[in-house]
Each structure stands twice: as structure tokens, then as C-alpha cells.
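Examination of the molecular architecture
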Amino acid sequence: MGVVIKQSFWSTAIAYLGVLVGFVNTLYLRPEYFLLDEIGLFGIITANAMMISPFTTFGMSSSYIKFFPLFTEKDRNSTFTFQFLIVIAGCTLVMVIGYLLKDVIKQRYLESAPTYVNYLAITAIIIVVNSLFDMFFSYSRTTLKVLFPSFLRDVLLRIGAIVLVVGYALNWFSFEWAVKGLAINYTFILIALFGKLMIFDGFRFKFRFSLLSSDWKKRLFYFSTYSMLLAGSFAVMNNATYDFVTSMLGASANGIFVTCFFIGTIVEMPRRNMAKVISPILSTELENQNMQEVESLYKRSSITMSILGVLIFIGIVTNLQDLFLFIPKGSEFKAGLYVVILVCTAKLATMISSFPGEIINYSHLYRYNLIFQLGTAILLIFLNYFMIPIWGLEGAAFSYFLAIIIHIIVKIVYVKYHFKIHPFIKKHFTLLFISIAVFWLAYFFNLDLHPSIVIAIRSILTTIIFILLIYLFRISPDINKIIHFTFERFLKINLPK
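Conventions we followed
- Residues numbered from 1 in each chain as written.
- Predicted model: local features only at pLDDT ≥ 70, side-chain atom pairs only at ≥ 80, totals over all residues.
- Heavy atoms only, no water.
- Helix = DSSP H or I, 4+ residues; strand = E, 2+ residues; numbered from the N terminus.
- Rg over C-alpha atoms; globule rule 2.2 N^0.38 Å.
- Areas by Shrake-Rupley, 256 points an atom, 1.4 Å probe, with all protein chains shown as cover.
- Axes fitted to C-alpha atoms, helices over the stretch in contact; angles between N-to-C directions.
- Parallel < 35°, antiparallel > 145°, perpendicular 65-115°, else oblique.
- Left-handed = near helix turned anticlockwise from the far one by under 90°.
- Contact = heavy atoms within 4.5 Å.
- Nonpolar A, V, L, I, M, F, W, Y, C, P; charged D, E, K, R; others polar.
- Phe/Tyr/Trp six-rings, centres within 6.5 Å; stacked < 30°, edge-to-face > 60°.
- Lys NZ or Arg CZ within 6 Å of the ring centre and 35° of its normal.
- Salt bridge = Lys/Arg side-chain N within 4 Å of Asp/Glu carboxyl O.
- Buried < 20%, exposed > 50% of the residue type's maximum accessible area, 1.4 Å probe, protein only.
- Core = buried A, V, L, I, M, F, W, Y, C linked by side-chain atoms within 4.5 Å.
- pLDDT = per-residue confidence, 0-100.
- Disulfide = S-S within 2.5 Å.
- Patch = residues over 30% accessible without salt bridge, like charges linked within 9 Å, V, L, I, M, F, W, Y side chains within 5 Å.
- Polar contact = N/O pair within 3.5 Å; in protein donor to acceptor, adjacent residues only side chain to side chain.

**Side note on the overall build of the protein**
When its secondary structure is counted, the protein shows 20 helices and zero strands. Here the protein has a C-alpha radius of gyration of 23 Å; the compact-globule value for 497 residues is 23 Å, and the two agree. The dimensions of the protein, computed from C-alpha atoms along their principal axes, are 65 × 55 × 45 Å. Of the accessible surface of the protein, which amounts to about 24200 Å², a share of 69% is contributed by carbon and sulfur atoms.

**Description of the packing of helix α3 (residues 60–67) against helix α10 (residues 214–249)**
Relative placement of two packed helices is described by the angle separating their axes and the distance separating the axes. Two numbers describe how α3 lies on α10: the axes approach to 8 Å, and their chain directions differ by 130°. Taken together, α3 and α10 sit at an angle that is classed as oblique. In this structure, α3 crosses over α10, and the sense of that crossing is right-handed. In this structure, α3 uses M60, S62, S63, K66 and F67 to contact α10, whose residues at the interface are W216, R219, L220, F223, S224 and S227. For the contact of α3 with α10, the class distribution of residues is five nonpolar, four polar and two charged.

**Some remarks on the packing of aromatic side chains**
One pass over the full model with this rule turns up 44 aromatic pairs. A connected cluster of aromatic rings, assembled from ring pairs, spans Y64, F80, F84, F136, Y139, F194, F203, F205 and F207. The residue whose ring lies beneath R108 is F244, and the NZ or CZ to ring-centre distance is 5.2 Å. The ring of W177 carries K180 above its face, with NZ or CZ at 4.6 Å from the centroid.

**A word on the pattern of salt bridges**
Enumeration according to the criterion identifies 10 salt bridges in this entry. Measuring nitrogen to oxygen at the nearest pair gives 3.1 Å for the salt bridge that ties K180 to E176. Linking K180 with E176, this pair stays in helix α9 (residues 175–199), spanning four residues, or about one helical turn. We classify K180 as partly exposed; its relative accessible area is 26%. A salt bridge links K347 to E268, with the nearest nitrogen and oxygen atoms 3.1 Å apart. Taken together, the residues K347 in helix α15 (residues 337–352) and E268 in the loop between α11 (251–265) and α12 (269–287) connect sequence positions 79 residues apart. Judged on exposure class, the residue K347 and its partner E268 are both buried. When salt bridges that share partners are traced, they join K145, K196 and D201 into one network.

**Quick word on the environment of A231**
Its location among the elements puts A231 in helix α10. A relative accessible area of 35% places A231 in the partly exposed class. A231 sits 180 residues away from M51 along the chain, and the two C-alpha atoms are 9.2 Å apart.

**With respect to the nonpolar core**
General note: in soluble globular proteins, nonpolar side chains tend to be found buried as a group. I45, I359 and F466 are the most contacted members of the largest nonpolar core, which has 143 residues in total. At 19 residues, helix α17 (residues 367–419) tops the list of elements feeding residues into this core. Leaving out residues up to four positions away in the same chain, F466 has contacts with I307, V310, L311, L431, I434, S435 and V438.

**Notes on the confidence of the model for the protein**
Note that predicted coordinates carrying low pLDDT should not be read in detail. Overall, the prediction assigns the protein a mean pLDDT of 91, with 97% of residues at 70 or greater. Segment residues 1–5 is flagged for pLDDT under 50; beyond a separation of four residues in sequence, or across chains, it makes one contact in the model.

**A short note on the state of the cysteines**
Summed over all chains, the structure comprises zero disulfides. Sulfur of C260: no disulfide; nearest cysteine sulfur belongs to C344 and is 10 Å away.

**Here's the deal with a nonpolar patch on the surface**
On the surface, a cluster of nonpolar side chains totalling about 720 Å² of accessible area is made up of L93, V96, I97, Y99, L100, L101 and V104. Counting residues per element, the nonpolar patch draws most heavily on helix α4 (residues 73–100), at five residues. One can find L93 in helix α4.

**Brief notes about the side chain of S302**
Mapped onto the fold, S302 is located in helix α13 (residues 291–326). With relative accessibility at 0%, the residue S302 sits in the buried group. One polar contact links the side chain of S302 to the main-chain carbonyl oxygen of P423, over a distance of 3.4 Å. If sequence neighbours within four positions are ignored, S302 has contacts with M351, I352, S354, P423 and H428.

**Section: the packing of α3 against helix α7 (residues 120–142)**
α7 packs onto α3 with a crossing angle of 20° between their chain directions and a minimal axis gap of 8 Å. In terms of axis orientation, α3 runs roughly parallel to α7. In this structure, the crossing between α3 and α7 has a hand that is right-handed. Touching M60, S61, Y64 and I65 of α3 are D134, M135, S138, Y139, R141 and T142, all from α7. Residues belonging to the contact of α3 with α7 are distributed by class as follows: five nonpolar, three polar and two charged.

**Details of unusual backbone geometry**
In this model, N171 sits at a positive phi of 60°, which is unusual for a non-glycine residue. For N171, the position within the fold is in the loop between α8 (147–169) and α9. Taking the relative accessible area as the measure of exposure, N171 reaches 68% and is therefore exposed. Even without being glycine, K329 reaches a positive phi, approximately 60°. As for its position among the elements, K329 is in the loop between α13 and α14 (330–333). Residue class for K329 comes out partly exposed when judged on its relative accessible area of 23%.

This is the structure we're talking about:
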């Protein structure tokens, strides 16, 4: 268990370091040295690759983790090799389909983003390389050695992206090679992980498939199909809008959308790491049918994440005008003001909703999670198709917002209907009034200073006032415990309880 805790701690630290690197690259370096259409081009290349990758892996990365305990240590490499070959076959199939449909694909972007047509091969390379990396990452997870692959994906890949921008800015290479560098970066981290597994972890491919029973292969097929559709629909939800914006509005519009969408996703950051902690607990309690504890976790995580989400939401939205004055090309990114606000609101709703999807996923009703995600992915595509031509960037943002809100409501209602629990408590109403008051206080606060200084002062004052009110009104026992611990441990001050 100590290994798991240690790995979890450092994985979380690596994830936040990666976000910091991504923040610098997305909000300063790319806007400073790239044109909007160049930012959009970078965005669409990776977004399309991430959207298609789950279909080339055919759910094998998740399947390997699920079936890993069923095999002895000497048979596991044979199992992995078998599934790895399926991924190779999946990549080959997708590449062949892409080649056959190349004229159709080119036609989609020829009018609005003709430059992207020249770099479709880069997307194809990233699809293949990312699919193989995911398989090796799954192998690392089963051996409880996730720090190195996490560092490669979350930090080194983003540092590589910074090198591409800086290298282009210093005229080390052309923009064409900066784009090709995306494929080089992904290939490098794949080679690094494969090399580490071969040299330090003793990994070897084993082509002995006679031990793999037909019954297991049938189970593998069913679970892999489920995993592929689940991961694929999630990838569509997160990446399809970039494709629609690029094909309908152009690469420059996607440059604005990519950057503003990134700002909005910061609201949801705490949830990602909290999910890693709470998911195994939920799984255990649902397995034991301890619904009282499940309901307690559901409500406590909701109020805690609501507090964190609201604080980040207020910090982003009230500082937006000054942020656009501060970052390079801010006047052009200001066209995505409502993109940030709508994405922030969607992510805040996700935080408030707690973990209804996880409750469904770890119960006997897990298949409904796939139905809800597939439905949301289809709805998002439908909304994008009709709203983007009418309202442009705002239409894209509203499509995403509406799809996510409907997705959340459906899951909350479903959990309420089948498990008779919901995530809300009376303190949510108190939090609502505190949030409105602090939001307007921060919104109307202004100083005649440099935007960066105003952002810093406003953020510090907002945080102090908000946390003080949360503490005084005892909105969350868990937050109050953290505050007590912080004051007692680091400031040697005993607060009244």
C-alpha cells in the first residue's frame, strides 16, 4: 500500500507540474510567437489524434489492466503481446481507412483550413504512436511503476512543445518543422518508455498464444468493445468541437477556441486527482452494498469540490478582462470571452455534481454509463453541426456547455432513481449566496495598476474572503479540518473548533 500511496502522490505532483508547463506554453509562448492560425493548426493536429486513438487501441489498454490478475507472471507478457498485436492491427486498419478516404478528409478542411491538409500525416503518426504508448503505459500501471510514463506524457511532452515554439522563435527551424516536431515529440516519449521497460524492467515480447483460451478471448472482445466505445465517446466529447470549429470557422478561430477552452478546463483540475482517490473507495463500498457510505462520499465530495470549483471559477471569470490585457494577442483572444465563461460553467457543474458517473460505472448498472456517454457525444456533434454556423465560437462553446449540462443532469437523475441518493445538502444553498456575494465583490474590484498586479491582488483578496466565509459558515467539515491542520501544523495557531 505504501508503494501505491507514494506513486499516487508523485503522479499528482507530476500532473500539476505538467499543467504549469502547459499553462506557460498555452497562455504565453504560443500566443507570443505563433499566429492564431498556427495555434489552431497545432490544436487540431493533436485533437484529432486524441479523438481517433481510442478506436485504434480497441480498448486493449483497459483490457490488459482488467485481465492482468488472471494470468501468472510468466504468461503476462504473452497476453500483453497478443493485445499489442491487436492494437497494431487496429492502427493499420484505421490508417488504411484514412488513406481510402483521404480525398473526403481533405475536402472537409480545404476551404476553411487548407494548411491542415498538408499535415494530415502528422495526425496519423501521432495516432499510431499514442496508441502504442497507451499500451506500454498500461503495462507500467500493472507493475506499479507509473512515475516515469506519467512524467513523459504530462511533463516531458509539454516541455517538448515549448522547445518547438522557442526553436521556431529563435529561427532554429521553420514552422513546418515545428509541426513535424509534434510527431517527433510523441515518438520520442514512446521510444523512451519502451527502452525503459526493456532495459530496467525486463520486458520482452512473447509470441506464445496457445495458453490463451477461446473463452478468455471472447471475454476480451466484449470488454474491449465496451472500453473502446466508452473511451471513444469520451474522446469525442473532449475533442470533436475543435474539429468542427476548424472545418467550419477556420484554423485562426480554432486558435482562439483552443486557448480559451484550456483556460476553462482549469476549473475541473481538482476533480481529476480526487477521482483517483475516491474511485477505489466507491468501488469497494458499492461491492459491499454499503449505500450509506456511498451517499456520504457522494455528498461530501460534492460540497468540497463545489467550494474548490467556485473559488477557481470566480478567480478566472473576474480576472478575464485583465488576463486578456496581459497575455500576448489578448485583444484577439477576447473574442473567446464567452467560450471561457461557458466552459468554466460546464466544468463547475461537473464539480458540483460529484461522482454520479463513477457510482454508475462501479455498480451492476455500469453499461448505462456507456449509453449516456455515447448519447452525449452524438448530441454534441449534432449541436455543433447546427450552432457553429449560426453563432460561431459562442455556438461551439454553447454546444459543449449544453451537452455537458444534459449529461450531468441525466446521470444525477439516474443515480437518484436507482440508488435513491443525490449529491446535494442544505449547505449548497449557503455556498450559493456566499459565491454570489464574493463574485460581485471581486468583479467590481479594480485598481489602476498593471493587469498582472491587479490579477494577483484580486485573487489573493478573493481567496482570503471566500475561505474565511466558508470556514465561518462551516460549509464543509473536510475543508475546515484542512484549515485547522494548516494553522496548527505550519503557523502553530490553534483555531476554535
